[in-house]
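Structure assessment
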Amino acid sequence: MSRPADDRSVAPLSNSLQSVPWQTWFAEGVRFVIAPLILFLSGFFTADFLLSGVYTWPRTSRALALTLTIAILSYEFVYKEQKTKQTDHGTLSPLQTVLYSCLLPYGIGALALLALVRLAS
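My aim in this report is to walk through the structure given alongside it, one point at a time. Computed from a predicted structure; not experimentally measured. (Residues numbered from 1 in each chain as written. Predicted model: local features only at pLDDT ≥ 70, side-chain atom pairs only at ≥ 80, totals over all residues. Heavy atoms only, no water.)

**Comments concerning the packing of helix 2 (residues 57–85) against helix 3 (residues 94–120)**
Between two packed helices, both the angle of their axes relative to each other and the distance between the axes serve to describe the pair. Orientation of helix 2 relative to helix 3, taken along the N-to-C sense of each, is 145°, at an axis distance of 8 Å. Crossing of helix 2 against helix 3: the hand is right-handed. Contact residues: helix 2 offers Ile70, Ser74, Val78, Tyr79, Gln82 and Lys83, while helix 3 offers Pro94, Leu95, Thr97, Val98, Ser101, Cys102 and Tyr106. Residue composition of the contact of helix 2 with helix 3, grouped by class: 8 nonpolar, 4 polar and 1 charged. (Axes fitted to C-alpha atoms, helices over the stretch in contact; angles between N-to-C directions. Helix = DSSP H or I, 4+ residues; strand = E, 2+ residues; numbered from the N terminus. Left-handed = near helix turned anticlockwise from the far one by under 90°. Contact = heavy atoms within 4.5 Å. Nonpolar A, V, L, I, M, F, W, Y, C, P; charged D, E, K, R; others polar.)

Here it is in structure tokens:
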């Protein structure tokens, strides 16, 4: 006699299919919202540190920690995610994605501080 099909064998497949849209939504949210915002603010505060001329150990360690944090964010959540999604269907390469989602906001943040300094003087 054959045994009836067990529902447990179907459950992992349905759970994995339901989690894919959430993972895609989270990855795109990090790439288009969280990473650019964090990197814009990081560029602003790094430029502030460099232009201030006050290089005490606590401020230097905060700037180094900020730099390390944004490097990890850029690599783990933007570069690696884009590398797993990369196909030959016209998507951006992982390095281009890091450029647009991370480096440009960082540079714009630094330029924003320079613009504010110029307006203040």
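Still more to cover.
**So, the side chain of Thr60**
Take Thr60: it is sitting in helix 2. At 2.8 Å, the side chain of Thr60 forms a polar contact with the backbone oxygen of Thr56. Once residues lying within four places of it in the same chain are set aside, the contact partners of Thr60 are Phe49 and Tyr55. (Polar contact = N/O pair within 3.5 Å; in protein donor to acceptor, adjacent residues only side chain to side chain.)

**With respect to the nonpolar core**
Among the nonpolar cores identified, the biggest contains 7 residues, and these are Ala35, Leu39, Ile70, Leu73, Val78, Val98 and Cys102. For this core, the elements supplying multiple residues, two or more each, are helix 1 (11–52), helix 2 and helix 3. Examining the composition of this core, we find that 3 residues originate from one element, helix 2, more than from any other. In this structure Leu73 touches Ala35, Ile38, Leu39 and Val78, once residues within four positions along its chain are discounted. (Core = buried A, V, L, I, M, F, W, Y, C linked by side-chain atoms within 4.5 Å. Buried < 20%, exposed > 50% of the residue type's maximum accessible area, 1.4 Å probe, protein only.)

**Remarks on empty space enclosed by the protein**
In the structure shown here, the tally under the stated rule is 1 cavity of 30 Å³ or more. Volume-wise, the largest cavity comes out at about 40 Å³. Ala27, Glu28, Arg31, Phe77, Val78, Glu81, Gln82 and Lys85 are the residues that line the largest cavity. If one sorts the elements of the lining of the largest cavity by residue count, helix 2 sits on top with 5 residues. Taken together, the residues of the lining of the largest cavity sort by class into 3 nonpolar, 1 polar and 4 charged. (1 Å grid on protein atoms, 1.4 Å probe; cavity = no way out; pocket = protein on both sides within 12 Å on 5 of 7 lines; lining within 4 Å. Points joined across faces, edges and corners; volume = space filled by probe spheres on them.)

**A few points about the pattern of salt bridges**
Under the counting rule described, the total for this entry stands at 3 salt bridges. Close ionic contact of Asp48 with Arg59 constitutes a salt bridge, the shortest N to O distance being 4.0 Å. Within this pair, whereas Asp48 is found in helix 1, its partner Arg59 is found in helix 2, the two being separated by 11 residues in sequence. Given a relative accessible area of 33%, Asp48 falls into the partly exposed group. Salt-bridge contacts for Lys80 lead to Glu76; the nearest nitrogen and oxygen are separated by 3.4 Å. Here the residue Lys80 and the residue Glu76 both occupy positions in helix 2, the gap between them amounting to 4 residues, near one helical turn. (Salt bridge = Lys/Arg side-chain N within 4 Å of Asp/Glu carboxyl O.)

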